[in-house]
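Summary of the model geometry
Given next are the chains, with one letter for each unit.
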Amino acid sequence: MTEKYLNNTCKEVLPDFLDKSKCQTIRRGWENCKQCDKGYLYHNEEHPKVNCPNCHGTFRIDKPAKFKVGDNVKIYWDKDNQTKHQHIWKELGVVEITEVFQIEIRKIGECQFRYVHSEHWWSQEGGRALELAESDGFKSAKDMFKYFDKQYDLSEPRKFWVYRWRWLE
Ligand SMILES: [Zn+2]
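These remarks concern the structure in this document. What you see is a predicted model, and the numbers here were worked out from it, not measured in a lab.

Glancing now at the overall build of the protein. Each helix and strand in the protein was counted, giving three helices and nine strands. Scanning the protein from its N terminus toward the C terminus, one meets helices and strands in the order β-α-β-β-β-β-β-β-β-α-α-β. Expressed as a percentage of its 169 residues, the buried residues of the protein come to 21%. Across the protein, the fraction of contacts at a sequence separation of at least 24, relative to all contacts at a separation of at least 6, is 56%.

This is the structure:
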């Protein structure tokens, strides 16, 4: 029985979900304040818990990984919409997690990423950025970075969890 699930709403990568060529997802590596949904402070990351500057609630800077290697995870499209729009959400299949690692993405003029604990930043022209983007279902590294910048604002560097998988069904 599969209990864990992964929900998706990124339309840019839906075609690669449907043909199951998508084998990776990149997820937020930090928590927002549970009370006000704000308060992310990257530069305090050495402290596991910080006070929200907005509402003074506390929250964790580093979000633990949701999945580990070997987990079976059910993939959904737009699951949170299921009560409102039953015709939209659907189950896309089940995957087995094969890799879990962290990256950071920043924008200094252009966007770049690096593996956490690595010195080197890969630009959007770099082969590693293209590999990361294509595994995720984006057509180019530029498209991938544009999506994440729009979602999360990368003007300060941000940490993400990367999960890779193989499809089971
Ligand atoms: Zn708050």
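Read on for the rest.
Turning our attention to the pairing of strand E6 (residues 90–108). In this sheet, E6 lies alongside strand E5 (residues 72–77) in antiparallel orientation, the contact comprising six bridges. The partner of Trp77 across the bridge, within E6, is Lys90. The sheet contact formed by E6 and strand E7 (residues 110–115) spans six bridges and is antiparallel. Directly across from Glu104, in E7, lies its bridge partner Arg114.

With twelve residues, helix H3 (residues 141–152) extends 16 Å between its outermost C-alpha atoms, agreeing within 8% with the 16 Å of an ideal straight helix rising 1.5 Å per residue. Residues of H3 that are buried sit in contact with E6, E7 and helix H2 (127–136).

Grouped together as the largest cluster of nonpolar side chains are 24 residues, with contacts concentrated most on Ile105, Ala129, Ala133, Met144 and Phe145. Secondary structure elements with two or more residues in this core: E5, E6, E7, H2, H3 and strand E9 (158–167). The contact partners of Ala133, leaving out residues within four places of it in the chain, are Phe138, Ser140, Ala141, Asp143 and Met144.

What follows concerns the pairing of E5. As a general feature of sheets, a regular strand has side chains that alternate between the two faces. Here strand E1 (residues 4–8) pairs with E5 via five bridges, running parallel. Paired with Asn7 across the strands is Tyr76, a residue of E5.

Take Ser123: it is sitting in strand E8 (residues 122–123). When the C-alpha positions of Ser123 and Gln112 are compared, they lie 4.5 Å apart, and in sequence the two are eleven residues distant. Leave out the neighbours within four places in its chain, and Ser123 touches Glu110, Gln112 and Ala129.

Moving on: the packing of H2 against H3. Viewed as axis vectors pointing N to C, H2 and H3 meet at an angle of 70°, and their least axial separation amounts to 8 Å. By the angle class used here, H2 and H3 are roughly perpendicular. Where H2 abuts H3, its residues Ala129, Leu130, Leu132, Ala133 and Asp136 lie against Ala141, Asp143 and Met144. For the contact of H2 with H3, the per-class residue count stands at six nonpolar, no polar and two charged.

About the cut-offs
Residues numbered from 1 in each chain as written. Predicted model: local features only at pLDDT ≥ 70, side-chain atom pairs only at ≥ 80, totals over all residues. Helix = DSSP H or I, 4+ residues; strand = E, 2+ residues; numbered from the N terminus. Buried ≥ 20, exposed ≤ 12 C-beta atoms within 10 Å, placed from the backbone. Contact = placed C-beta atoms within 7 Å. Pairing = 2+ DSSP bridges. Expected span 1.5 Å × (residues − 1). Core = buried A, V, L, I, M, F, W, Y, C linked by C-beta atoms within 7 Å. Axes fitted to C-alpha atoms, helices over the stretch in contact; angles between N-to-C directions. Parallel < 35°, antiparallel > 145°, perpendicular 65-115°, else oblique. Nonpolar A, V, L, I, M, F, W, Y, C, P; charged D, E, K, R; others polar.

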